[in-house]
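Residues per chain, in single letters:
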Amino acid sequence: MSEKATPDDITIQKAVKVLSDGGIVAVPTETVYGLAANAADATAVARIFEAKGRPSFNPLICHVASMGMADRYVQSSPLAKRLMEAFWPGPLSLVLPLRPDADLASAVTAGLDTLAVRMPASPLMLELIQATNNALAAPSANASGKISPTTAGDVANSLGERVDMVLDGGPCSVGLESTIVGVDYDAITLLRPGSVTAQMIYERCGIMPSENASTDITAPGQLLSHYAPDAAVTLNVSKRVADSFHIGFGNCQSDYNLSPTADLNEAARKLFNALHAANASGKPITVSPIPETGVGVAVNDRLSRAAADRTAS
Ligand code: TXA
Ligand code: MG
């Protein structure tokens, strides 16, 4: 992977202007590239849904530059504030009650009375939010249901001319989308695993997040088939098979090794890149077993969705 690119000030100012003028900009965050619009601008937010081919019932995450800014949009319990203090800026999104007076386009929440908020760690993204002086609504910058983008090139391949501008910040350092939790007064529900693990939340807040027991599809990231490559994906295959593209983990023969030293953080960072490469090969895809510990839980979550029966959702 190439070194981190840093856009110059003129490029950043151009992105600020595009956002202020109601445009949509693909931006690097520490997790994946996002497709950003001013969250108060209904026309710009509608363009995000159109560019991604995203169903209108799927709400967007709002990105804020501080806890104070989050207060303009959501009602935070003391537990929610503790989570923000522990993990922000960083890859944790909190689903919280929406403030009735929040200055937001209604499509952002898809009609729900909750809003997902997060403060990203990427300095560039924080600069854009501050300059816009509004939350930026940003889903991952890929066509709906397809593999998430971790480089500017992935965005261009997936969305092409449908975005007004792509800010290239180099490859994303985390590589998997944020952990999403629902927060009640004294309970936390894990809605999407990520690099902030349930164990890390327990260690910092003394509350172990529970699994999402609801069968409602409140968040289409929870739709079973997602991150779908074109070819079939078979998981837990230990050895490379002829005529397939093998995504390896640890010391093994493979076409793309997620981490020869079996480092789960490295595997998380490279996962979507591996799926893009496997997809480009046109061959059936096989994947080594990945340990279900730490961030491996989130890696396996994305892999099981990539492998899911496409007719099932
Ligand atoms: O790391 C990330 O979270 C990236 C970067 C760009 O910030 N964003 C991202 O957005 O992954 P997206 O739209 O691809 O995934 C957001 C997920 C979706 O599954 C959506 O349904 C869920 O968050 N979501 C958003 N608002 C929600 C809400 N109020 N309640 C439950 N789920 C919500
Ligand atoms: Mg996504």
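Above: the structure in question.
Report on the accompanying structure. (Residues numbered from 1 in each chain as written. Chains lettered and ligands numbered in written order. Predicted model: local features only at pLDDT ≥ 70, side-chain atom pairs only at ≥ 80, totals over all residues. Heavy atoms only, no water.)

**Things to note about the sheet that holds strand E12 (residues 245-248)**
- Taken together, 4 strands build an open sheet; the order of strands is E11-E14-E12-E13 and the sheet is parallel. For this open sheet the edge positions go to strand E11 (233-234) and strand E13 (256-257), each flanked by a neighbour on one side alone.
- The sheet contact formed by E11 and strand E14 (residues 285-287) spans 2 bridges and is parallel. Within E14, the position partnered with valine 233 by the bridge is isoleucine 285.
- Helix H8 (residues 264-281) contacts E12, E13 and E14 of the sheet and is inclined by roughly 170 degrees relative to E12. (Pairing = 2+ DSSP bridges. Helix = DSSP H or I, 4+ residues; strand = E, 2+ residues; numbered from the N terminus. Contact = heavy atoms within 4.5 Å. Axes fitted to C-alpha atoms, helices over the stretch in contact; angles between N-to-C directions.)

**Considering the sheet that holds strand E7 (residues 165-166)**
- Across the sheet, which stays open at both edges, the 10 strands sit in the order E7-E1-E2-E6-E3-E5-E4-E8-E9-E10 with mixed pairing between neighbours. Looking at which strands have only one partner, the edges of the open sheet turn out to be E7 and strand E10 (210-211).
- The sheet contact formed by strand E2 (residues 33-38) and strand E6 (residues 136-137) spans 2 bridges and is antiparallel. Looking across to E6, one finds that alanine 37 is bridged to alanine 137.
- Contacting strand E1 (25-28), E2 and E7, helix H6 (residues 152-159) runs over the sheet at an angle of about 70 degrees to E2.

**Focus on the pattern of salt bridges**
- Considering all chains together, one arrives at 11 salt bridges under this definition.
- Of the charged contacts in the structure, one is a salt bridge between arginine 302 and glutamate 177, with a shortest N-O distance of 2.9 Å. Of this pair, arginine 302 sits in helix H9 (residues 296-307) while glutamate 177 sits in the loop between E7 and strand E8 (179-183); the two residues are 125 residues apart in sequence, bridging distant segments of the chain. Of the two residues examined, arginine 302 and glutamate 177, each falls in the buried class. (Salt bridge = Lys/Arg side-chain N within 4 Å of Asp/Glu carboxyl O. Buried < 20%, exposed > 50% of the residue type's maximum accessible area, 1.4 Å probe, protein only.)

**Quick word on the nonpolar core**
- Formed by 69 residues in total, the largest nonpolar core has its most connected members in Leu83, Leu94 and Val108.
- The leading source of residues in this core is helix H4 (residues 78-87), at 6 residues.
- Setting aside anything within four residues of it in sequence, one finds leucine 94 in contact with Ala80, Leu83, Met84, Trp88, Leu115, Ala116, Val117, Val181 and Val183.
- If you look at the next biggest cluster of nonpolar residues, it comprises 27 residues, including Ile247, Ala278, Ile285 and Val299. (Core = buried A, V, L, I, M, F, W, Y, C linked by side-chain atoms within 4.5 Å.)

**What about the state of the cysteines?**
- A full pass over the atoms with the stated rule returns 0 disulfides.
- A disulfide-free cysteine, cysteine 172 has its sulfur positioned 19 Å from the sulfur of cysteine 62, the nearest such atom. (Disulfide = S-S within 2.5 Å.)

**Notes on the pairing of E12**
- Side-chain alternation along E12 places Phe245 and Ile247 on one buried face and His246 and Gly248 on a second face that is also buried.
- Here 3 bridges tie E12 to E14, and the two strands are oriented parallel to one another. If you follow isoleucine 247 over to E14, its bridge partner there is valine 287.
- Taken together, the 2 bridges between E12 and E13 define a ladder with parallel strand orientation. Residue pairing across strands places glycine 248 opposite asparagine 257, the latter belonging to E13.

**Overview of the packing of aromatic side chains**
- This model, assessed by the stated rule, comprises 1 aromatic pair.
- Stacked on the ring of phenylalanine 87, the Lys or Arg arginine 204 has its end atom at 5.8 Å from the ring centre. (Phe/Tyr/Trp six-rings, centres within 6.5 Å; stacked < 30°, edge-to-face > 60°. Lys NZ or Arg CZ within 6 Å of the ring centre and 35° of its normal.)

**What about unusual backbone geometry?**
- In this model, tryptophan 88 is joined to proline 89 through a cis peptide bond whose omega is -10 degrees.
- One can find proline 89 in the loop between H4 and strand E4 (92-97).
- The backbone of aspartate 243 sits at a positive phi, close to 65 degrees, despite the residue not being glycine.
- If you trace the backbone, aspartate 243 turns up in the loop between E11 and E12.
- The exposed category is assigned to aspartate 243, whose relative accessible area is 67%.

**Some words on the environment of threonine 11**
- The topology assignment puts threonine 11 in helix H1 (residues 9-20).
- Residue classification places threonine 11 among the partly exposed residues on the basis of a relative accessible area of 27%.
- Between the C-alpha atom of threonine 11 and that of valine 297, which follows or precedes it by 286 residues, the distance is 37 Å.
- Among all residues touching threonine 11, those that are not within four sequence positions of it are Met165 and Leu167.
- Looking at threonine 11, its side chain comes within polar contact range of the side chain of aspartate 8, at 2.4 Å. (Polar contact = N/O pair within 3.5 Å; in protein donor to acceptor, adjacent residues only side chain to side chain.)

**Description of helix H2 (residues 42-52)**
- The complete set of buried residues in H2 reads Ala44, Val45, Ile48, Phe49, Ala51 and Lys52.
- In this structure, the buried residues of H2 make contact with E2, E6 and H6.
- One or two steps after H2, the chain reaches glycine 53, where phi turns positive at roughly 65 degrees.

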